Amino acid sequence: MISNSILQETLEGIKSITQVDLIVMDAEGRTIARTIDDAVLEYDDAVIAFAESAAESQSLLGYQFFKVMDDKQLEYVLMAKGDTDSTYMVGKMATFQIQNLLVAYKERSDKDNFIKNLLLDNLLLVDIYNRAKKLHIETDVKRCVFIIETKTEKDTNALETVRNIFSVKSRDFITAVDEKNIILVKEVKPTDNYEELSKTANIIVDMLNTEAMISVHVAFGTIVNEIKEVSRSYKEAKMALDVGKIFYSDKNIIAYSNLGIGRLIYQLPIPLCRMFIKEIFDGKSPDEFDDETLTTIQKFFENSLNVSETSRQLYIHRNTLVYRLDKIEKATGLDLRVFEDAITFKIALMVVKYMKYMETHDF
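All values derive from a computational prediction rather than experimental measurement.

### A short note on the overall build of the protein chain
Here is step 1 of the chain: Each helix and strand counted, the protein chain has 13 helices and 10 strands in total.
Here is step 2 of the chain: For the protein chain, whose C-alpha radius of gyration is 30 Å, the value lies well above the compact-globule estimate of 21 Å for 363 residues.
Here is step 3 of the chain: Expressed as lengths along the three principal axes of its C-alpha atoms, the size of the protein chain is roughly 95 × 45 × 40 Å.
Here is step 4 of the chain: Counting only carbon and sulfur atoms, one obtains 50% of the accessible surface of the protein chain, whose full area is about 20300 Å².
Here is step 5 of the chain: Taking the 45 positively charged and 58 negatively charged side chains of the protein chain as two groups, their mean positions are separated by 5 Å.

Listed below in structure tokens is the structure:
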């Protein structure tokens, strides 16, 4: 269905060219769009009578009446003000334009439903290729799925901004499968790599921030080669979005290919995580240290276990850092200066963060 605003813009565009006033009404005589300020309520009976007649056009009450059909069903009644031949031609042209809009929007709606079902794995393999062929969607091009998460539900500004960014790309698809996430199924050039996809994600974030004043998180899956694999890229993007919230909360762009060990931890069952923490720390939690100790640990990891560089960045004496590391070893039995112990501690911190996130969000 065409929105009333689109119909209004169409009528105003035609009037600006032809100087003919136009009105669009539904079959019950309700006004949908118009370029004239005159009251149109007096025409509702005439519109209803015309809609029920067999005529395709009619001159009545100073207007030319036309039926706008959608697949042999009456959708609108168009009225062009005037009874001249030129007015008749303008009315026919406007009717033709609106009927084309109906076809275009119907095709867009069909494609939107197809993409939604494709993402959600609701189609059989044979149906995917049959429907793609009918909708003139290429099946063997590279694609990648982006998920754009907004803070508020049904953010129409964000949706329209994304559509405006990619509107010239007729082979890209923009849809939504839930209240907060906008889905972009983007065609990828054969020469594009994940660096190019990151640039696309940055464009989305920047444009939404500057034009729509909206802060979003963007996640994307891997590049797939066939249309049947699009759902896999969507699932990867969903996982990237969730994993990013847990382990990379400071980032607003996250790629499935960059999740690292967080992807593995995210797939662990909670009982197994509890068993791991109990086995390594005897039931204690590695995040129970004070803020100073946790900051020291984080900075030590960031500097690849380099004592000198870590002490310099923390503005403390090297011996002070060694003292803190010894304190951690005494409490946990793990010496963070030893690579194997450092890896164990790092994983434990991530496991605890994952457990807390899952408990907080009632998964």
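Now that the structure has been shown, we can carry on.
### Some remarks on the pattern of salt bridges
Here is step 1 of the chain: Taken as a whole and assessed by the stated rule, the structure comprises 19 salt bridges.
Here is step 2 of the chain: Here Asp 112 makes a salt bridge to Lys 116, at a shortest N to O gap of 3.4 Å. Note that Asp 112 and Lys 116 are positioned in helix H3 (residues 85–119) at a spacing of 4 residues, about one turn of the helix.
Here is step 3 of the chain: Its salt-bridge partner being Glu 359, residue Arg 274 comes within 3.7 Å of it at the nearest N-O pair. One end of the pair, Arg 274, is in helix H9 (residues 270–281); the other, Glu 359, is in helix H13 (residues 339–360), and 85 residues separate them in sequence.
Here is step 4 of the chain: The exposure class of Glu 359 is partly exposed, given its relative accessible area of 45%.
Here is step 5 of the chain: In this structure, a network of salt bridges that share partners links the residues Asp 326, Glu 329, Asp 335 and Arg 337.

### Some remarks on the packing of helix H10 (residues 291–302) against helix H11 (residues 307–314)
Here is step 1 of the chain: Between H10 and H11, the least distance of the axes is 9 Å, while the angle of their chain directions is 130 degrees. Looking at the two axes, H10 sits oblique to H11. Crossing geometry of H10 relative to H11 is assigned as right-handed. Between H10, through Thr 295, Thr 296, Lys 299 and Phe 300, and H11, the contact on the second element is made entirely by Val 307, Thr 310, Gln 313 and Leu 314.
Here is step 2 of the chain: For the contact of H10 with H11, a count of residues per class yields 3 nonpolar, 4 polar and 1 charged.

### Describing the pairing of strand E2 (residues 31–34)
Here is step 1 of the chain: Pairing between strand E1 (residues 22–25) and E2: 3 bridges, direction antiparallel. By the bridge assignment for E2, Ile 23 is matched with Arg 34.
Here is step 2 of the chain: Linking E1 to E2, which pair antiparallel, is a turn of 5 residues; within it Gly 29 sits at a positive phi near 90 degrees.

### Regarding the packing of aromatic side chains
Here is step 1 of the chain: One pass over the structure, following the stated rule, counts 5 aromatic pairs.
Here is step 2 of the chain: Between Phe 66 and Tyr 88, the ring centres sit 5.5 Å apart and the planes meet at 45 degrees, which makes this aromatic pair tilted. Here Tyr 88 lies in helix H3 and Phe 66 lies in strand E4 (residues 63–70), a separation of 22 residues in the sequence.
Here is step 3 of the chain: Since its relative accessible area comes to 2%, Phe 66 is described here as buried.
Here is step 4 of the chain: Ring geometry for Phe 247 and Tyr 248: centres 6.4 Å apart, planes at 70 degrees, overall edge-to-face. As far as the burial class goes, Phe 247 and Tyr 248 line up, both buried.
Here is step 5 of the chain: In this structure, Lys 67 packs its charged tip against the face of Phe 50, placed 5.3 Å from the ring centre.
Here is step 6 of the chain: Above the ring of Tyr 256, the side-chain terminus of Arg 263 is found at 4.4 Å from the ring centroid.

### Digging into the sheet that holds strand E6 (residues 143–150)
Here is step 1 of the chain: The strand order across the open sheet built from 5 strands is E7-E8-E6-E9-E10, with neighbouring strands paired in mixed fashion. For this open sheet the edge positions go to strand E7 (173–175) and strand E10 (253–255), each flanked by a neighbour on one side alone. Taking the axes of each pair of neighbouring strands and ignoring which way they run, one obtains an average angle of 15 degrees across the sheet.
Here is step 2 of the chain: As paired strands, strand E9 (residues 216–220) and E10 are joined by 3 bridges and run parallel to one another. From the neighbouring strand, Phe 220 faces E10, where its bridge partner is Ala 255.
Here is step 3 of the chain: Across the face of the sheet, helix H6 (residues 194–211) comes into contact with E6, strand E8 (181–187), E9 and E10 while running at roughly 160 degrees to E9.

### Things to note about the side chain of Thr 10
Here is step 1 of the chain: Mapped onto the elements, Thr 10 comes out in helix H1 (residues 4–18).
Here is step 2 of the chain: For Thr 10, the contacting residues outside a window of four places in its chain are Gln 97 and Leu 101.

### Section: the environment of Ile 265
Here is step 1 of the chain: Within the secondary structure layout, Ile 265 lies in helix H8 (residues 261–266).
Here is step 2 of the chain: Remark: the alpha-carbon pair of Ile 265 and Ile 347, spanning 82 residues in sequence, is separated by 8.4 Å.
Here is step 3 of the chain: Contact partners of Ile 265, with chain neighbours within four places excluded, come to Phe 247, Ile 347, Met 350, Val 351 and Tyr 354.

### So, the side chain of Thr 332
Here is step 1 of the chain: Mapping Thr 332 onto the fold places it in helix H12 (residues 318–332).
Here is step 2 of the chain: Within the structure, the side chain of Thr 332 is placed 3.2 Å from the backbone nitrogen of Leu 334, a separation counted as a polar contact.
Here is step 3 of the chain: Look past the residues within four positions of Thr 332 in its chain and what remains in contact with it is Ile 280, Phe 281, Phe 289 and Phe 345.

### Side note on the confidence of the model for the protein chain
Here is step 1 of the chain: Of the residues in the protein chain, 96% have a pLDDT of 70 or more, and the chain-wide mean is 88.
Here is step 2 of the chain: For the protein chain, helix H5 (residues 156–166) is the element with the lowest average pLDDT, namely 82, and E10 is the one with the highest, namely 95.

### Describing H9
Here is step 1 of the chain: The end-to-end C-alpha distance of H9 is 16 Å, a good match for the 16 Å that 12 residues give at a rise of 1.5 Å each.
Here is step 2 of the chain: Buried residues in H9 make contact with H12 and H13.
Here is step 3 of the chain: Directly beyond the C-terminal end of H9, a positive phi value near 55 degrees is found at Asp 282.

Calculation criteria
- Residue positions are counted from 1 within each chain, in the order its sequence is given.
- This being a predicted model, a pLDDT of at least 70 is required before a residue's local features are given, and a value of 80 or more before pairs of side-chain atoms are given or counted; all residues contribute to the totals for chains, interfaces and linings.
- To obtain the side-chain values, all non-hydrogen atoms of the structure were used and water was disregarded.
- Runs of E in the DSSP output that reach at least two residues are strands. Runs of H or I that reach at least four are helices, and both are numbered from the N terminus.
- For the radius of gyration, the atoms used are the C-alpha atoms, and the globule rule reads 2.2 Å times the number of residues raised to 0.38.
- Using the Shrake-Rupley algorithm and a 1.4 Å probe, accessible areas are obtained, with residue cover drawn only from the displayed protein chains.
- Think of it this way: Lys and Arg go in the positive column, Asp and Glu in the negative one, and His and the chain ends go nowhere.
- Where a charge sits is defined by one atom per residue type, namely NZ (Lys), CZ (Arg), CG (Asp) or CD (Glu).
- Salt bridges are counted wherever a side-chain nitrogen of Lys or Arg sits within 4 Å of a carboxyl oxygen of Asp or Glu.
- The classification of residues rests on relative accessible area computed with a 1.4 Å probe and restricted to protein chains. Under 20% of the type maximum is buried, over 50% is exposed, and intermediate values are partly exposed.
- Think of each axis as a best-fit line through the C-alpha atoms, taken over the contacting stretch in the case of a helix, with angles from 0 to 180 degrees between the N-to-C directions.
- Should an angle fall under 35 degrees it is taken as roughly parallel, and over 145 as roughly antiparallel, whereas 65 to 115 is taken as roughly perpendicular and any remaining angle as oblique.
- Left-handed describes a crossing whose near helix is turned anticlockwise from the far helix through less than a right angle; right-handed describes the clockwise counterpart.
- Residue contacts are counted whenever heavy atoms from the two residues lie within 4.5 Å of one another.
- Under the convention adopted here, Pro, Cys and the residues Ala, Val, Leu, Ile, Met, Phe, Trp and Tyr are nonpolar, Asp, Glu, Lys and Arg are charged, and Gly plus all remaining residues are polar.
- Whether two strands pair depends on DSSP finding at least two bridges between them.
- Side-chain rings of Phe, Tyr and Trp, where Trp is taken by its six-membered ring, are said to pair if the distance between their centres is within 6.5 Å; with planes under 30 degrees apart they count as stacked, over 60 as edge-to-face, and otherwise as tilted.
- Should the NZ of a Lys or the CZ of an Arg lie within 6 Å of a ring centre and within 35 degrees of the ring normal, that charge is described as sitting over the ring.
- Any pair of N or O atoms that falls within 3.5 Å is considered a polar contact. Within protein, one atom must be able to donate a hydrogen and the other to accept it, and sequence-neighbouring residues count only if both atoms are side-chain atoms.
- A residue's pLDDT is the confidence the predictor assigns to it, expressed on a 0 to 100 scale.
- A helix is expected to reach a length of 1.5 Å times the quantity of its residues less one.

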